[in-house]
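# Results of the structural survey
Next come the chains, spelled out residue by residue.
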Amino acid sequence: MRENVLFSSPSYKFTLTPTHICFFSLQTPKLRRSRVRTKAMEVGGLDSKGRKFKNAEEMWREQAGDPSKKCDWYKHGVGYWEGVEASVNGVLGGYAQVNEPDVEGSEAFLNTLLSERFPNSDHLAALDCGSGIGRVTKNLLIRYFNEVDLLEPVSHFLDAARENLGHTSSDKHKATNFFCMPLQEFTPDARRYDVIWVQWCIGHLTDDDFVSFFNRAKAGLKPGGFFVLKENIARTGFVLDNEDRSITRSDSYFRELFQKCGLHIYQSKDQKGLPEELFAVKMYALTTDSPKRVHGTRSKVIFYEWEMPKHSKIHKL
Ligand SMILES: C[S@@+](CC[C@H](N)C(=O)[O-])C[C@H]1O[C@@H](n2cnc3c(N)ncnc32)[C@H](O)[C@@H]1O
């Protein structure tokens, strides 16, 4: 029987047969009229073994609900990446072909933002968070920023980044600092960065650490500075990856967290051209000041109820 891919990450693919459509939309005229809003974090989620969670709170309580569980959560997250080869293929979970469309999409997004926010700046600095082997810095950031700092908890990735960037750096465009530490422990120097780039790593942070990281990092932005968050997006609720201890959040889940951080979406854009079996990917430009206008499409409030069929299959790619 033909299978529909419901979710997939570089490590997992969730497939359902056509008869097992598992989202039940509650967008009936009656509910729309009564404007019942479900908070994104109250929506149920799944893990990569097919287990259902009633809501994010239940999942977080179980995964990181006390100091020892939280310590395990982060230890397993970094431990997973310590076993991965320091290459583009490695950091992209076996999807090296994603590199090109990813960089093109990011460049188009960044170009507009820089010309709007910093039309006349002659010295720009960026921080590449969860930088891995320096793929984003090497292919994009180093061409636009005079200084780029990299932050990465896995030492063999950071060593590879140092080596990869040695060849690309010049007097005017260089990788300056290499911080070997995780985001949840990092506090940037005050007003150092024009852009803080956070790509494909924030899923490793618990909600609490997500909020406290962005709150600390805000002080690291120069006036007019902004964050770019580029991430996988779940259709609804969240998907927990039991193997690398990360979660994929929905767009509305992210929006709730941004609100908790006191951040505003200045622009957002969907990444195009990725293999269709992968999660959707979105870029958000986030500012501390309220935007005069918001670009991109507003996401709809989703009224989904989770129903996971018993016979659905989950298998590794
Ligand atoms: C999918 S890779 C992406 C790397 C890079 N951002 C890129 O796009 O090429 C995920 C990265 O997140 C890093 N990571 C894992 N846990 C982290 C944490 N707590 N804080 C910061 N980075 C983390 C991993 O070591 C790995 O380099």
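A few points on the structure.

Analysis parameters
- Residues numbered from 1 in each chain as written.
- Predicted model: local features only at pLDDT ≥ 70, side-chain atom pairs only at ≥ 80, totals over all residues.
- Heavy atoms only, no water.
- Helix = DSSP H or I, 4+ residues; strand = E, 2+ residues; numbered from the N terminus.
- Buried < 20%, exposed > 50% of the residue type's maximum accessible area, 1.4 Å probe, protein only.
- Polar contact = N/O pair within 3.5 Å; in protein donor to acceptor, adjacent residues only side chain to side chain.
- Contact = heavy atoms within 4.5 Å.
- Phe/Tyr/Trp six-rings, centres within 6.5 Å; stacked < 30°, edge-to-face > 60°.
- Lys NZ or Arg CZ within 6 Å of the ring centre and 35° of its normal.
- Near = heavy atom within 4 Å.
- Areas by Shrake-Rupley, 256 points an atom, 1.4 Å probe, with all protein chains shown as cover.
- Nonpolar A, V, L, I, M, F, W, Y, C, P; charged D, E, K, R; others polar.
- Salt bridge = Lys/Arg side-chain N within 4 Å of Asp/Glu carboxyl O.

Here we take up the environment of Tyr284. Note that Tyr284 resides in strand 14 (residues 280–287). Judged by relative accessible area, which is 0%, Tyr284 ranks as buried. Separated by 57 residues in sequence, Tyr284 and Phe227 have C-alpha atoms that sit 7.9 Å apart. Within the structure, the side chain of Tyr284 is placed 2.6 Å from the side chain of Asp251, a separation counted as a polar contact.

Mapped onto the elements of the fold, Ser106 is located in helix 5 (residues 99–117). At 2.8 Å, the side chain of Ser106 and the side chain of Lys230 are in polar contact. With sequence-adjacent residues up to four places away left out, Ser106 is seen in contact with Leu140, Trp197, Gln199, Lys230, Gln271 and Met283.

This part is about the packing of aromatic side chains. Aromatic ring pairs: the centre-centre distance and the angle between the two ring planes describe each pair. For the structure shown, the criterion picks out 15 aromatic pairs. Their ring planes at 45° and their centres at 5.0 Å tell us that Phe210 and Phe214 sit as a pair that is tilted. On the criterion of helical spacing, the pair formed by Phe210 and Phe214 is a turn pair, its members being four residues apart in helix 8 (residues 207–218). Relative to Phe258, the ring of Phe254 lies with its centre 6.0 Å away and its plane at 25°, an arrangement referred to as stacked. Of this pair, Phe254 and Phe258 both sit in helix 9 (residues 251–261), four residues apart, which is roughly one turn of the helix. Here the aromatic residues Phe210, Phe213, Phe214, Phe227, Phe254, Phe258 and Tyr284 are joined through ring pairs into a cluster of three or more. The ring of Tyr266 carries Arg117 above its face, with NZ or CZ at 4.8 Å from the centroid. Taking NZ or CZ as reference, Arg162 lies 5.0 Å from the ring centre of Phe178, over its face.

Here we come to unusual backbone geometry. Phi angles above zero are rare outside glycine, and Arg191 is one such case at about 50°. Even without glycine at this site, Trp200 takes up a positive phi of about 50°. Looking at the secondary structure, you find Trp200 in the loop between strand 9 (193–199) and helix 8. A relative accessible area of 25% places Trp200 in the partly exposed class.

This next bit is on the site of the ligand. Near the ligand, the surroundings consist of 19 residues, among which Gly130, Arg135, Glu152, Leu183 and Gln199 are the closest. Between a nitrogen atom of the ligand and a main-chain N or O atom of Leu183, the distance comes to 3.0 Å. Between Gln184 and the ligand, the recorded distance is 3.0 Å, taken from a side-chain N or O atom to a nitrogen atom. Notes on the ligand: free accessible area 590 Å², of which the protein chains cover 97%. Residue classes in the shell around the ligand are distributed as 11 nonpolar, six polar and two charged.

Attention now goes to the environment of Gly225. For Gly225, the position within the fold is in strand 10 (residues 221–233). The exposure class of Gly225 is buried, given its relative accessible area of 2%. In this structure, the C-alpha to C-alpha distance between Gly225 and His123, residues 102 residues apart in sequence, is 13 Å. Filtering out sequence-adjacent residues up to four positions away, Gly225 remains in contact with Arg117, Phe118, Asp194 and Thr287.

A few words now on the pattern of salt bridges. Throughout the structure, instances matching the rule amount to 14 salt bridges. For Arg135, the salt bridge goes to Asp102, with nearest N and O atoms at 2.7 Å. Of the two residues, Arg135 is situated in helix 6 (residues 135–144) and Asp102 in helix 5; the sequence distance between them amounts to 33 residues. In this structure, the salt-bridge partner of Lys282 is Asp270, at a minimum N-O distance of 2.7 Å. Separated by 12 residues along the polypeptide, Lys282 in strand 14 and Asp270 in strand 13 (residues 264–270) bring together distant segments of the chain. Assessed through its relative accessible area of 9%, Lys282 is described here as buried. When its relative accessible area of 35% is taken as the criterion, Asp270 is described as partly exposed.

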